[in-house]
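The chain contents come next:
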Amino acid sequence: QVQLVESGGGLVQAGGSLRLSCAASGRTFSRYAVAWFRQAPGKEREFVTGITRSGGYTYYATSVKGRFTISRDNAKNTVYLQMSSLKPEDTALYYCAARGGTYYYTAPENYDYTAPENYDYWGQGTQVTVSS
């Protein structure tokens with residue numbers, strides 16, 4: 001099992017930047033694909049970005065491509081989300097989520113990585129608010 005704790009959220013002006021962190025417990029973090037989701041008030045939780053177990057492949061929602069960058073440091077059991085050129089519509093509670101298992105089970109071509117139900121572990125979320 002793994003426990004996830006997000007941090008780094010806050011209030012920022014439009015055009016600004018923030019870096020979120022997702023720290024994981026456990027010694028097998030490198031066996032988990034990790035994704036970031038977000039949920040704004042009154043809206044469904046939506047996929048933002050994901051990264052494979054080794055960090056060798058990343059994937060993004062169209063709305064954040066070119067502005068957000070996901071990365072991971074397995075030695076530190078941490079996944080990062082660098083957010084730049086932030087917009088008011090990026091305001092949401094940001095969650096990290098993990099999917100563990102075999103290489104085949106966690107490979108993004110083998111499941112719908114945009115679907116929240118395909119992740120086994122979730123953090124409590126960190127709030128990002130972008131003012132105009």
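Here the structure is a predicted model, which means the values were calculated and not measured.

Draft legend 1. View of the sheet that holds strand β3 (residues 18-24). On the basis of which strands lie adjacent, the open sheet formed by 4 strands has the order β1-β3-β8-β7 and antiparallel pairing. If you trace the sheet from one side to the other, it starts and ends with β1 (4-7) and β7 (68-73), each paired once. Across this sheet, the average inter-strand angle for adjacent strands is 15 degrees, counted without regard to direction.

Draft legend 2. Fine view of the state of the cysteines. Applying the stated criterion across every chain yields a total of 1 disulfide. What pairs with Cys 22 in a disulfide is Cys 96, and their sulfur atoms sit 2.1 Å apart. The sign of the 65 degrees torsion about the S-S bond sets the Cys 22-Cys 96 disulfide as right-handed. Of this pair, Cys 22 sits in strand β3 while Cys 96 sits in strand β9 (residues 92-100), and the two are 74 residues apart along the sequence. One exposure class covers both Cys 22 and Cys 96, and it is buried.

Draft legend 3. Expanded view of the packing of aromatic side chains. Applying the stated criterion to the full structure yields 11 aromatic pairs. Ring centres 4.2 Å apart and planes at 45 degrees place the aromatic pair Tyr 59 and Tyr 113 in the tilted group. Within this pair, whereas Tyr 59 is found in strand β6 (residues 58-60), its partner Tyr 113 is found in the loop between α1 (103-106) and β10 (121-122), the two being separated by 54 residues in sequence. We classify Tyr 59 as buried; its relative accessible area is 4%.

Draft legend 4. Examining the side chain of Thr 126 more closely. Here Thr 126 lies in strand β11 (residues 126-131). Look at Thr 126 and you get buried, because its relative accessible area is 10%. A polar side-chain atom of Thr 126 sits 3.1 Å from the main-chain amide nitrogen of Gly 9.

What counts and what doesn't
- Residues numbered from 1 in each chain as written.
- Predicted model: local features only at pLDDT ≥ 70, side-chain atom pairs only at ≥ 80, totals over all residues.
- Heavy atoms only, no water.
- Pairing = 2+ DSSP bridges.
- Helix = DSSP H or I, 4+ residues; strand = E, 2+ residues; numbered from the N terminus.
- Axes fitted to C-alpha atoms, helices over the stretch in contact; angles between N-to-C directions.
- Disulfide = S-S within 2.5 Å.
- Buried < 20%, exposed > 50% of the residue type's maximum accessible area, 1.4 Å probe, protein only.
- Phe/Tyr/Trp six-rings, centres within 6.5 Å; stacked < 30°, edge-to-face > 60°.
- Polar contact = N/O pair within 3.5 Å; in protein donor to acceptor, adjacent residues only side chain to side chain.

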